[in-house]
Amino acid sequence: MAQPTQARSLVTAIPGPRSKELQQERDAALPVGLGMTMPVFVDHAGGGIIVDVDGNHVVDLASGIAVTSVGASDPEVARRVAEQVERFTHTCFLVTEYAGFVEVADALNRLTPGDHAKKTALFSTGAEAVENAVKIARVATGRPAVVVLGHAYHGRSLLTMSMTAKNIPYKEGFGPFAPEVYRAPSPYPYRWPGGPEASGEEALAALKDLVVSQIGAHHVAAIVAEPIQGEGGFIVPPPGYLAGVADFAREHGIVLVADEIQTGLARTGAMFACEHEGVVPDLLTTAKALGGGLPLAAVTGRAEIMDAVPAGGLGGTYAGNPVACAAALGALETIESRDLVSRAREIEARVLPRLTALTGPGSVVGEARGRGAMLAIELVRPGTTEPAPDTARAVAARCHAEGVLVLVCGTYGNVIRLLPPLVIGDELLDDGISVLEAAVAAEQG
Ligand SMILES: Cc1ncc(COP(=O)(O)O)c(CNCCCC(=O)O)c1O
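Quick caveat, the model's predicted, so the values are computed rather than measured.

Draft legend 1. Representation of the site of the ligand. In the vicinity of the ligand, 14 residues are found, and the nearest of them are Gly 126, Ala 127, Arg 156, Asp 259 and Gln 262. Between the ligand and the protein, one listed contact pairs an oxygen atom with a side-chain N or O atom of Tyr 153 at 3.4 Å. Burial of the ligand by the surrounding chains reaches 81%, relative to a free accessible area of 510 Å². In terms of residue class, the shell around the ligand is made up of 4 nonpolar, 5 polar and 5 charged.

Draft legend 2. Examining the sheet that holds strand β6 (residues 181–184) more closely. Here 7 strands make up an open sheet; going across it, the order is β4-β10-β9-β8-β7-β5-β6 and the pairing mixed. Because the sheet does not close on itself, it has two edges, and the strands there are β4 (118–123) and β6. Averaged over all neighbouring strand pairs, the angle between strand axes comes to 20°, with direction disregarded.

Draft legend 3. Spatial organisation of the packing of aromatic side chains. In total, this model carries 5 aromatic pairs according to the counting rule given. Ring geometry for Phe 93 against Tyr 98: centres 5.2 Å apart, planes inclined by 80°, an arrangement best described as edge-to-face. Tyr 98 carries the same exposure label as Phe 93, and that label is buried. Pairing Tyr 153 with Tyr 170 gives two aromatic rings, centres 4.8 Å apart and planes at 70°, and the pair type is edge-to-face. Highlighted residues: Tyr 153 in the loop between β5 (145–149) and α6 (158–163) and Tyr 170 in the loop between α6 and β6, separated in sequence by 17 residues.

What counts, and at which threshold
Residues numbered from 1 in each chain as written. Predicted model: local features only at pLDDT ≥ 70, side-chain atom pairs only at ≥ 80, totals over all residues. Heavy atoms only, no water. Near = heavy atom within 4 Å. Polar contact = N/O pair within 3.5 Å; in protein donor to acceptor, adjacent residues only side chain to side chain. Areas by Shrake-Rupley, 256 points an atom, 1.4 Å probe, with all protein chains shown as cover. Nonpolar A, V, L, I, M, F, W, Y, C, P; charged D, E, K, R; others polar. Pairing = 2+ DSSP bridges. Helix = DSSP H or I, 4+ residues; strand = E, 2+ residues; numbered from the N terminus. Axes fitted to C-alpha atoms, helices over the stretch in contact; angles between N-to-C directions. Phe/Tyr/Trp six-rings, centres within 6.5 Å; stacked < 30°, edge-to-face > 60°. Buried < 20%, exposed > 50% of the residue type's maximum accessible area, 1.4 Å probe, protein only.

If you want it as C-alpha cells, here you go:
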C-alpha cells in the first residue's frame, strides 16, 4: 500500500459514519476501562498522516504515544517484518535462539550512553522492562527499596503501577500496591513552591533526605527516573538535577535506572534524553519507538549489573519476539540513516517558539516546554497557575474536530503534548500547529 497523501483533509465530520458504526460494535464488545482519545477507526497510516475508515486524513501529532517515530508504515520496517514473518513468527528465545534478538541487543549496547561494557535483555512492553530493571537492580545490590519521583509514570503492572504517581485513572481501586516503593518530590520547575530556580537543588535535597534519613541508603536498590517525565506532564528537569541524582546514587551504590521508554531513540533531539543532562545511567529502559510499532522493550545496562541475575531469572514467552526484533532493526536503521536525532531538533526549533508565543499575561497557556519532538503546553486559568484540565480537553477536542490528533497528559490533566512522527514533513507539521494555535485562541475567551 502506498504512503497516504501527506495533507490534512476531512471528507466527513469527525467521527465519520463508518467510525460511528464501528464505535457501536466496540462499545458492545469491549470493557469501559479501555480509554480512547480520538473517536476514529484507522484504515491506514504513514508519515505524519492517519487515514480513518471514512477517508479522513488526520495530522498525527501523537505517534501512538511516542511509538511510530519512523511513521506507522516505514518501508524498512515493513520490508523486514514481511521477510521475517514468512520465516517464523515465534520460537520463544528461551527455547531456541535467533540472530535478530542479538542484533537488537548489540545495537542498544552501542547506542545507549556510556562506553562501558553493556548487556541488553529484551521484553515486550515498557512495564515489563521497568519491572525487570528493578528485579535486576535488587539482585545486583541485595537491597529491596526503589525510589521514584512525583509525577512519574512507569506502567500499569502491579510494581510499575505502584511506581506511577497519578492515582486516577492508573491506580484507583487496584491496590494493595507493591511494598518498598518510596517517592521523592519531582522538580517540576513551573510548579515548584520556591520557584523554578530553586527546584533542582531543593528537590535533590529532598531526595537525599528521603534516601538517607527515611529509608537508609543501604536499603535502596534503585532510583528510577524519566529524563523528561512523560505522562506526568512533559516535565523537563532543571539543569543539574539528574546529574546530582546520578552522583548521589553512585556515592551510595544505588543503581540509577533511566526510564527512556517515552524519551528514547531520538525523540528529544538526542539518541537518549540522558545525554542532554550529561548522565550515564547504570540501567536504561526502552520500548515504544524501539519496535517501530511492534511490541518490543529492553533493559540495557552495565554488564556486571545485568549479569547479576542467575540463568533463567529473566525472560518471557514473547520477550524479544522475532518479528518485533525485525521491526526494531528496521526502525533503528531508519532512525540512524535519516538522522532523526537532527530532525527532532529541527522540529523543536520550528515548533517550540510558536508554542512559547501562546504564553503571556492573561493567556490560558501557562508554559510551553519540552525538547526535540517532545513538546507541550500547560493550560491554566488566565493570570494564575491553577491547572485548567477543562480548557485542555476543549482545545484537544477542537483539534480533533479539525483533523489534528493531539494528546492530553499531566498529573492535573491540563497539558497538551505533541509527539509527531519524526518523519513528518514541515508543511504538515506547520498545518497541525496552526490548528492548535486557532484552538487555543478560541478557548482564550
Ligand atoms: C516513561 C514510561 N515508562 C513506562 C511506560 C509503560 O510502557 P507500556 O509499554 O505501556 O507498558 C510508559 C508508557 N506510556 C504510555 C502509557 C499509555 C497508557 O497505558 O495509558 C512510559 O511513558
